[in-house]
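# Commentary on secondary and tertiary structure
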Amino acid sequence: QVQLVESGGGVVHAGVSLRLSCAASGRTFSNYGMGWFRQAPGKGREFVAHINLSGRSTYYADSVKGRFTISRDNAKNTVYLQMNSLEPEDTAVYYCAAGSTYDYINQRAYDYWGQGTQVTVSS
C-alpha cells in the first residue's frame, strides 16, 4: 500500500503561482512513477503531468506544457507540481497518483491515489 497526501492548494488570482506537494508513505516511493491529474467542476478527471521513477523523464498535457513543472524528491518521498501563470481554466481538484510510467496518461495505470487538493483561480 502507498498512502498519498496532497497539499498546497488554495484560492489565487490569475497569473500567480502555486506549488502542490504530494507526500507518500508506505511502500518504496522510488518504485513508482508519479502523476498529477485534475478534475474541474462538471468534468471528468484529466491527466496533467507524469514523472518517471528516477525523475529524469517528465510528460505534460498540452494545456499545461510550459507553465507547470513536475518534480520529485525520492529522499523525501514527495512529488511536486509547480504551477506558474495560473489561469481560471486551471481551477480543479488536483490529485496525485502512484503507478506505472507505461501508459501514464491513462488513470488505470495508477494503483494509488490521494484525496485531492482544491485549486481555485479567479480572473
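Owing to the predicted nature of the structure, the values given are computational and were not obtained by experimental measurement.

## Regarding the environment of Gly-15
Topologically, Gly-15 is positioned in the loop between β2 (10-13) and β3 (18-26). A C-alpha to C-alpha distance of 33 Å links Gly-15 and Tyr-102, two positions 87 residues apart in sequence.

## Looking at the state of the cysteines
Applying the stated criterion across every chain, the model contains 1 disulfide. The partner cysteine of Cys-22 in its disulfide is Cys-96, sulfur to sulfur 1.9 Å. Between Cys-22 and Cys-96, the S-S torsion sits near 45 degrees, and that sign places the bridge as right-handed. Of the two residues, Cys-22 sits in strand β3 while Cys-96 sits in strand β9 (residues 92-99), which places them 74 residues apart along the sequence. Each member of the pair, Cys-22 together with Cys-96, is buried.

## Examining the sheet that holds β3
With antiparallel pairing, 4 strands are arranged side by side in an open sheet as β1-β3-β8-β7. Two strands close off the open sheet at either side, each with one partner strand: β1 (2-7) and β7 (68-73). Neighbour-to-neighbour, the strand axes of the sheet open up by a mean angle of 15 degrees, direction not taken into account. With 6 bridges joining them, β1 and β3 adopt antiparallel strand pairing. Considered in β3, the bridge of Ser-7 is made with Ser-21.

Cut-offs and rules
- Residues numbered from 1 in each chain as written.
- Predicted model: local features only at pLDDT ≥ 70, side-chain atom pairs only at ≥ 80, totals over all residues.
- Heavy atoms only, no water.
- Helix = DSSP H or I, 4+ residues; strand = E, 2+ residues; numbered from the N terminus.
- Disulfide = S-S within 2.5 Å.
- Buried < 20%, exposed > 50% of the residue type's maximum accessible area, 1.4 Å probe, protein only.
- Pairing = 2+ DSSP bridges.
- Axes fitted to C-alpha atoms, helices over the stretch in contact; angles between N-to-C directions.

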